[in-house]
Amino acid sequence: FFVAHPSTYVGIVLFSCVWSIVDFVVNIPLTVQTRSNEFAADRYSVNADPSYGPLLSSALKKLMKKSKSNLTPHPFHAFLTYSHPPLDGRLQAIRAHHNKTHPQSPM
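These remarks concern the structure in this document. (Residues numbered from 1 in each chain as written. Predicted model: local features only at pLDDT ≥ 70, side-chain atom pairs only at ≥ 80, totals over all residues. Heavy atoms only, no water.)

1. Focus on the nonpolar core
Counting six residues, the largest nonpolar core consists of V46, L56, L60, L87, L91 and I94. If you list the elements that add at least two residues to this core, you get α2 (52-67) and α4 (87-101). Counting residues per element, this core draws most heavily on α4, at three residues. Setting aside residues no more than four positions away along its own chain, V46 makes contact with G53, I94, H97, H98, T101 and H102. (Core = buried A, V, L, I, M, F, W, Y, C linked by side-chain atoms within 4.5 Å. Buried < 20%, exposed > 50% of the residue type's maximum accessible area, 1.4 Å probe, protein only. Helix = DSSP H or I, 4+ residues; strand = E, 2+ residues; numbered from the N terminus. Contact = heavy atoms within 4.5 Å.)

As structure tokens, this is what we get:
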């Protein structure tokens, strides 16, 4: 790396620069898996009892309102960095799964 006098400090700086790129690339599949687990947990709660779908939706809305998080993030940014799915996507998935598994009590 064209360093006249290699030292431990230069090695630490170079390692941190390279590691940040590796970490970013490795975290993409991990965040995709985490979001998949979140959707699976939502489906599990909807399957457990018909009343849990609306309750879960209400709780997620209150949580997002209280935390003042971005309700409409850019999809690419959410794909790269969000460990949990955006609220809109989760609510749509909960509603669709609830209506599919419990057609007698639509949401």
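Okay, back to it.
2. Here we look at the environment of S51
On the secondary structure map, S51 appears in the loop between α1 (8-48) and α2. On the basis of relative accessibility, which here comes to 37%, the residue S51 falls in the partly exposed class. Considered as a pair, S51 and H102 are 51 residues apart in the sequence and their alpha carbons are 9.7 Å apart. One polar contact links S51 to D49, side chain to side chain, over a distance of 2.6 Å. (Polar contact = N/O pair within 3.5 Å; in protein donor to acceptor, adjacent residues only side chain to side chain.)

3. With respect to the pattern of salt bridges
A side chain of one charge can pair with a side chain of the opposite charge when the charged atoms of the two come close. Within the structure shown, the criterion is met by two salt bridges. With a shortest N-O distance of 3.1 Å, E38 and R90 are connected by a salt bridge. Residue E38 is found in helix α1, and its partner R90 is found in helix α4; the two are separated by 52 residues along the sequence. This pair shows no difference in class: E38 is buried, exactly as R90 is. A salt bridge links D42 to R90, with the shortest nitrogen-to-oxygen separation between them at 2.9 Å. Placement of the pair is D42 in helix α1 and R90 in helix α4, with a sequence separation of 48 residues. (Salt bridge = Lys/Arg side-chain N within 4 Å of Asp/Glu carboxyl O.)

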